[in-house]
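Geometric and topological summary
What follows is the residue order along each chain.
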Amino acid sequence: MQTPSIDIQGLKSNIAKDPSRFAKNALFQILTVAILWKYLTLFMGMSYDMSKQISLNIVIAGNSSQTYYPLGDQVLVIGGICLIFFALIQNEVKFDILRNPRDYRSYITTISGVIGLAIFWLIAENVELSPRTQAPFLIIGGTFLTGFLLIQDELGKLSILLVQSVANPRNSVELWKKSWQEVIISISAILLFITVLYNLSMIGAYIPSISREQDKVFSILLLVTTISWLLVMSKEADRPAVVYKRHSSMAFLLSIPLILFLAFRIMLLLRTDPTWDVSWDFMDSIAGFSITNWPNQVNTSLGTRWDFHWAGVINAVRVVLISIFLCTVIGIIVGVMRLSNHRLSSLFGTVYVEVFRNMPLALLLFTISITVGNTLPVMQDEFSIANTVLLSNQGIFIPSVDPFLLFVSLLLLALVKAYTRYLDRDGFDDSEEGVRSRFKIWVGASAASVAILLSRGWDVPTIWKRIPESPGSWVVEGGFEITLPFICIIAGLTIYTSAIVAEIVRGSIQSLPRGQIEAGISLGLSPFQRLRLVIIPQALRSMVPALNNQYMNVWKNSSLAMVVAYNDVFYINLVIVNKIGKAVPTFILILITYQIGSLVISALMNMYNRRVTRVQI
Amino acid sequence: MISDMPQTSPVMRALKWYAGFDEGITGKPAKWVNDSNEHLFSSSVILLSLLLAINTYFTEMDSLYLEVSQWKNVLYCLITAFLAFFAWSTTLSVIFKGTFTQSKSAPILGLIVAWAMYFIVSGVSYFVIVGAEWEVIWANRATLFLGIEINTGVVNPDFENQTWRLWPSLILTTIIICSAIGTTSETNRGFAVKFGLIWAACIFYVWYPVRLNYNPDGVMQNLTLTALLGAVAFLLSRRYTEKSEEFLVNKLRSYLAVSAVFTFFIAIALLDPPDALVERGYAEKGIEPFLWGGLYVNLILIAASLVLGSALSVLLAFGRRSELPFFSWPSTIIIEFIRSGPMVAWLFIALFILPDVIRPFYDADVVVRTIMTFSIFGACYIAEVLRGGLQNVPRGQIEAAVALGLSPTQVKLFVELPAAVRTTLPAIVSIFIGLWKDTTLVYLLGVLDVFAISKILPATDFQFGDDYLEPLIFAATFFWVVALVLSRISLKVEKSLGLVKEGGAEAT
């Protein structure tokens with residue numbers, strides 16, 4: 001049992017030595033206590049009011065009041081949070097507990113915490129407690145009791161004593177006689193709590209503040225506990241194990257008002273505020289606005305919100321895939337250009353990187369969208385390149401082919417690639433005939449796939465005016481539309497990210513050992529061969545983690561598509577929130593979507609990283 | 001014959017230099033070029049390109065049809081002619097000197113880049129010099145910096161001029177920055193040149209008489225006063241640095257940092273005094289944060305996020321690395337949760353959901369909530385970087401500190417943190433630059449920062465309807481300048497800390 005003692009002699013000598021420093025210290029301490037008191041009363045007061053509100057159940061015409069939570073549920077929620085923190089602070093539950101479960105002393109405290117929560121729950125469920133006084137006392141007092149017992153740190157000894165008394169009752173009296181002093185404070189705290197809880201009304205008649213102003217009572221108790229334990233802890237600085245537990249318990253004690261406030265506030269909001277209605281039923285109803293997407297057009301009048309969400313996800317994934325591919329290619333080109341001996345191209349690379357790395361993405365996207373929108377010809381001009389590709393400020397129309405044929409031709413190319421890899425299974429054939437035969441295979445395969453693609457003809461977009469007299473009734477038939485926002489978001493993301501990728505490429509190439517490049521030169525490789533066979537394979541090792549980060553940034557930056565009015569998942573969900581105001585479930589959905597995307601990108605890049613770093617350097 | 005030619009003739013040396021320069025761009029010349037006839041090739045290339053460039057000059061001059069002032073036309077045509085000279089000389093030297101016989105890639109690369117430069121740079125300079133109408137910027141020069149609320153006081157005499165809220169902050173900031181520069185190894189002349197240029201640019205911007213809709217005298221006086229005070233602060237701190245030992249200079253730097261934090265709070269208090277003071281009559285009613293606008297709201301956002309984010313990131317980084325699961329689990333959960341979403345999502349969550357949670361005890365304005373969001377977001381990213389740096393602190397340092405009797409807090413603050421910040425400074429600065437660029441996103445919440453204003457400027461006046469690009473380019477230039485300055489400062493700090501390794505891959 002620790003009691004704080006005040007050293008009067010030492011205090012006097014301290015004051016005599018340096019009065020100004022003592023005054024400064026004292027002022028600082030008084031200020032801290034004042035701020036602490038303000039914080040405690042503020043949050044405890046709000047928690048107390050909310051606790052009274054959610055314990056009260058006024059039944060009108062058979063319906064419970066809206067904000068009523070049965071006391072058992074309250075105990076489970078808040079007690080559960082306290083139990084989690086309890087277990088974290090005790091730090092006993094480690095993963096090797098299953099190896100020797102017989103050593104109960106190591107994890108007895110956590111078990112006692114669970115048992116304590118069970119007892120609280122049983123009390124709450126079965127005993128009739130008055131909702132305005134005893135229910136808040138149970139919750140707030142129980143939380144404070146948990147913190148108090150934690151910082152006393154006697155629960156371990158108490159639990160072991162109890163278990164030993166139960167195991168061999170004959171020796172229990174001696175055991176208790178020996179060590180009653182160590183556990184007396186915790187036992188008395190528990191007993192005091194239970195007594196006051198049951199007799200709250202009686203005690204409240206004598207000391208009204210206990211039942212009416214519980215927030216102030218508990219604030220005072222918290223303050224006293226904190227200060228006394230701070231005084232003790234400052235003398236205990238040489239026992240690290242105890243110090244750690246006390247620090248965590250002190251942090252827990254100080255954050256009790258905040259935890260209570262957040263728990264009660266969120267419990268209240270879940271019942272009263274419609275934006276906090278966490279259920280995704282509204283996603284099954286009809287969305288009622290229009291978006292553009294491909295391949296599966298959502299029906300404006302029949303599509304549910306889940307369909308729209310899924311269409312948004314597909315839109316975002318398309319943009320991200322194309323942007324990642326393009327930005328890597330451009331980034332590698334610019335990065336290598338920046339490092340070349342050719343003065344002009346290194347200047348060009350430097351200017352490109354310096355200009356686009358420091359520009360905000362929103363600004364870049366907006367500038368691109370406005371410029372593209374204003375420089376492309378209007379529909380009226382009927383501007384087309386060789387009568388096949390139609391350019392207008394409402395979209396670019398290219399000739400479309402049958403998607404099935406597209407799929408078949410890509411499948412053919414994939415099969416040819418697999419076939420060439422099978423041919424190279426014993427090693428890359430670098431001889432003249434090998435290169436020539438591979439060249440022939442690929443030329444033949446490309447010609448065949450193009451032939452398949454165009455076998456059924458292609459659909460050239462044609463533009464005509466439906467009603468010649470009225471303005472603006474242009475109609476484009478056939479063809480495949482690439483909308484302007486799509487082009488803008490891809491251009492913006494690509495330009496922005498390629499500058500960063502160029503820097504990453506430059507950094508990783510410069511960190512290569514110079515000997516590798518000199519060996520490549522001495523072997524007689526041309527610069528391009530050096531790049532392809534020596535530099536890039538080794539630079540990939542250091543590039544891949546940084547590129548992983550940048551690809552996740554591309555995925556997250558695609559949420560800026562709302563700047564160019566591109567219908568990606570964020571934009572669609574934002575429109576849903578603006579329409580029906582169910583903010584919390586919609587944003588949970590958005591966060592989950594972005595987290596899944598980041599995890600997928602990270603997993604793929606980690607697989608590639610393992611492939612690239614297979615050889616230990 | 002070659003020994004007869006005077007080697008030191010300036011023309012010959014110029015031609016030799018040109019030949020070397022050309023080789024860097026177009027590659028090695030073919031075999032029919034040797035030392036004796038090299039100057040013939042170079043001089044013929046130069047003469048022909050000059051003729052073609054002069055031809056381009058006159059062609060461009062004839063094709064300009066816009067009624068702009070003469071000097072702008074001349075400037076644009078000169079630039080185009082110079083670029084044409086460069087492009088043509090590259091082409092001709094490739095043809096005459098036959099560099100394509102020696103290597104395939106160099107001449108192609110040189111040609112592509114030279115002609116790309118011709119088209120891109122002449123197009124950009126056409127836009128900047130001739131095609132653009134910068135009137136929209138001159139007419140709204142105050143709005144872009146001050147936001148719409150304060151700007152009405154500046155240009156409209158019926159409204160109160162509230163720029164007095166911003167001048168003290170500017171003066172204090174200038175004094176602090178100049179004193180900080182004085183403690184570094186910047187030379188007097190270097191500082192004078194840069195500072196003088198900045199001051200001259202500001203005076204020109206405020207004074208330029210085209211479309212002047214306010215009285216610039218007061219502004220110019222205040223700017224000059226600021227410049228004088230900044231120069232005095234620089235000289236004083238330079239004197240102090242030269243005379244004193246390093247620990248005193250470090251003390252001065254820490255005092256400057258603390259006073260910077262105070263300046264920030266003074267700036268906020270001037271703009272929007274707390275209600276307690278307004279009710280008692282000590283201060284006038286301020287501008288509510290939602291109405292702040294222009295460039296200074298971006299600066300306030302990034303300054304607040306910098307300070308708060310750094311503090312929070314230290315807590316999160318140490319929390320995540322702690323052995324106690326009570327600190328490590330919540331820190332890990334917070335960091336991973338916040339890093340999973342894009343910035344826009346968190347901004348909208350701060351707009352829609354956060355007020356419900358904190359309204360009982362603090363009715364926060366949009367700008368305050370944005371500052372909170374930026375701080376937490378930046379803190380999580382910096383905490384990740386800092387965690388990597390903390391892992392690389394040599395274990396012996398920590399053990400030595402513990403053996404010396406330092407408490408755990410002192411070990412963390414005085415041993416681990418400085419070492420970690422030293423090694424991870426480039427990554428942290430790049431995160432800050434990213435955060436600075438993200439402050440433009442506040443327009444989505446309705447705050448009219450410089451990006452939002454530059455978007456709506458074309459719609460404010462009938463004559464500016466076409467000039468949609470000029471304000472955007474102005475805003476982009478300003479963001480670009482600040483980001484560049486930040487990265488140059490970080491390079492300088494890295495050099496002074498001895499951290500520069502040529503070719504470290506930065507985060508962004």
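From a predicted model like this one, the values you see are computed outputs, not experimental measurements.

**Comments concerning the packing of helix α12 (residues 305-339) of chain A against helix α20 (residues 569-580) of chain A**
Residues and elements named next belong to chain A. Here α12 crosses α20 at 150°, and the two axes come no closer than 7 Å. The orientation of α12 with respect to α20, classified from their angle, is roughly antiparallel. Contact with α12, carried on its side by R305, F308, H309, G312, V313 and A316, involves V569, I572, N573, I576 and I580 of α20 and no other residues of that element. The residue inventory of the contact of α12 with α20, partitioned by class, reads seven nonpolar, three polar and one charged.

**As for the pattern of salt bridges**
Residues and elements named next belong to chain A. All told, the structure shown has 18 salt bridges over all chains when counted by the stated rule. Residues E503 and R338 are paired through a salt bridge, measuring 2.4 Å at the closest nitrogen-oxygen approach. Placement of E503 in helix α17 (residues 484-510) and of R338 in helix α12 is noted, with a sequence separation of 165 residues between them. With a relative accessible area of 6%, E503 lands in the buried category.

**Remarks on the environment of A:L254**
All names here are of chain A. Summarising the element assignment, L254 is placed in helix α11 (residues 240-272). Separated by 100 residues in sequence, L254 and E354 place their C-alpha atoms 48 Å apart. If near-sequence neighbours (up to four positions away) are discounted, L254 is found in contact with L36, Y39 and T226.

**Digging into the sheet that holds strand β6 (residues 480-482) of chain A**
Residues and elements named next belong to chain A. The four strands are arranged β1-β2-β3-β6 in an open sheet whose pairing can be described as antiparallel. The open sheet is flanked by β1 (383-385) and β6, the only strands paired with a single partner. Geometrically, the sheet is characterised by an average inter-axis angle of 25° between neighbouring strands, direction not taken into account. Across three bridges, β1 lies against strand β2 (residues 389-392) in antiparallel orientation. Bridging from a neighbouring strand, F383 pairs with L391 of β2.

**Comments concerning the nonpolar core**
Nonpolar side chains in soluble globular proteins tend to be buried together. One finds A:F570, A:F587 and B:F348 to be the most contacted residues of the largest nonpolar core, which totals 145 residues. No other element matches the 13 residues that helix α16 (residues 366-391) of chain B contributes to this core. Contacts of A:F587, omitting those with residues within four sequence positions, involve A:F570, A:L574, A:V577, B:A345, B:F348, B:I349, B:F352 and B:I353. In this structure, A:L40, A:L145, A:F193 and A:V232 belong to the second largest nonpolar core, which totals 59 residues.

**Details of the domain arrangement of chain B**
All names here are of chain B. Along its sequence, chain B is carved into domain 1 (10-131), domain 2 (163-284) and domain 3 (287-508). Taking only C-alpha atoms into account, the centre of domain 2 sits 23 Å from that of domain 3. Each partner contributes to the interface: domain 2 provides nine residues, whereas domain 3 provides 12 residues. Both sides of the domain 2 and domain 3 interface together cover about 920 Å² of buried area, and 69% of this is carbon and sulfur. Contact with domain 3 buries area across many residues of domain 2, yet R211, F264 and L271 alone supply 48% of it, more than any other trio. Residue K492 is joined to E186 by a salt bridge in which the shortest nitrogen-to-oxygen separation is 3.3 Å. Linking domain 2 with domain 3 are three residue pairs in polar contact (both at pLDDT 80 or more), by the criterion used here. If you tally residues by element for the side of domain 2 that touches domain 3, the top one is helix α10 (residues 246-271), at three residues. For the side of domain 2 that touches domain 3, the class distribution of residues is five nonpolar, no polar and four charged.

**Overview of the interface of chain B and chain A**
Note: interface size is frequently given as the accessible area lost on complex formation between the parts. Taken residue by residue, the interface counts 61 residues in chain B and 63 residues in chain A. Taken together, both faces of the contact between chain B and chain A bury some 5,400 Å²; the carbon and sulfur share is 72%. Run the count over chain B and chain A and you get zero salt bridges. If you look at where chain B meets chain A, you find nine residue pairs in polar contact (both at pLDDT 80 or more). The set of elements that each furnish at least two residues to the side of chain B that touches chain A consists of α1 (10-26), α4 (105-131), α13 (325-339), α14 (343-352), α15 (354-358), α18 (408-438), α19 (450-456) and α20 (469-497) of chain B.

**Some thoughts on the packing of aromatic side chains**
Each aromatic ring pair is specified by the distance between its two centres and by the angle formed by the two planes. Residue and element names in this part refer to chain B. This model, assessed by the stated rule, comprises 44 aromatic pairs over all chains. With a centroid separation of 5.3 Å and 90° between ring planes, the pair formed by W88 and W115 is classed as edge-to-face. Of the two residues, W88 is situated in helix α3 (residues 70-97) and W115 in helix α4; the sequence distance between them amounts to 27 residues. Residue W88 is classed as partly exposed on the basis of its relative accessible area of 30%. Residue W115 is classed as partly exposed on the basis of its relative accessible area, which comes to 24%.

The rules behind these values
- Residues numbered from 1 in each chain as written.
- Chains lettered and ligands numbered in written order.
- Predicted model: local features only at pLDDT ≥ 70, side-chain atom pairs only at ≥ 80, totals over all residues.
- Heavy atoms only, no water.
- Axes fitted to C-alpha atoms, helices over the stretch in contact; angles between N-to-C directions.
- Helix = DSSP H or I, 4+ residues; strand = E, 2+ residues; numbered from the N terminus.
- Parallel < 35°, antiparallel > 145°, perpendicular 65-115°, else oblique.
- Contact = heavy atoms within 4.5 Å.
- Nonpolar A, V, L, I, M, F, W, Y, C, P; charged D, E, K, R; others polar.
- Salt bridge = Lys/Arg side-chain N within 4 Å of Asp/Glu carboxyl O.
- Buried < 20%, exposed > 50% of the residue type's maximum accessible area, 1.4 Å probe, protein only.
- Pairing = 2+ DSSP bridges.
- Core = buried A, V, L, I, M, F, W, Y, C linked by side-chain atoms within 4.5 Å.
- Domains from an automatic or database assignment.
- Buried area = accessible area lost by both parts, 1.4 Å probe.
- Polar contact = N/O pair within 3.5 Å; in protein donor to acceptor, adjacent residues only side chain to side chain.
- Phe/Tyr/Trp six-rings, centres within 6.5 Å; stacked < 30°, edge-to-face > 60°.

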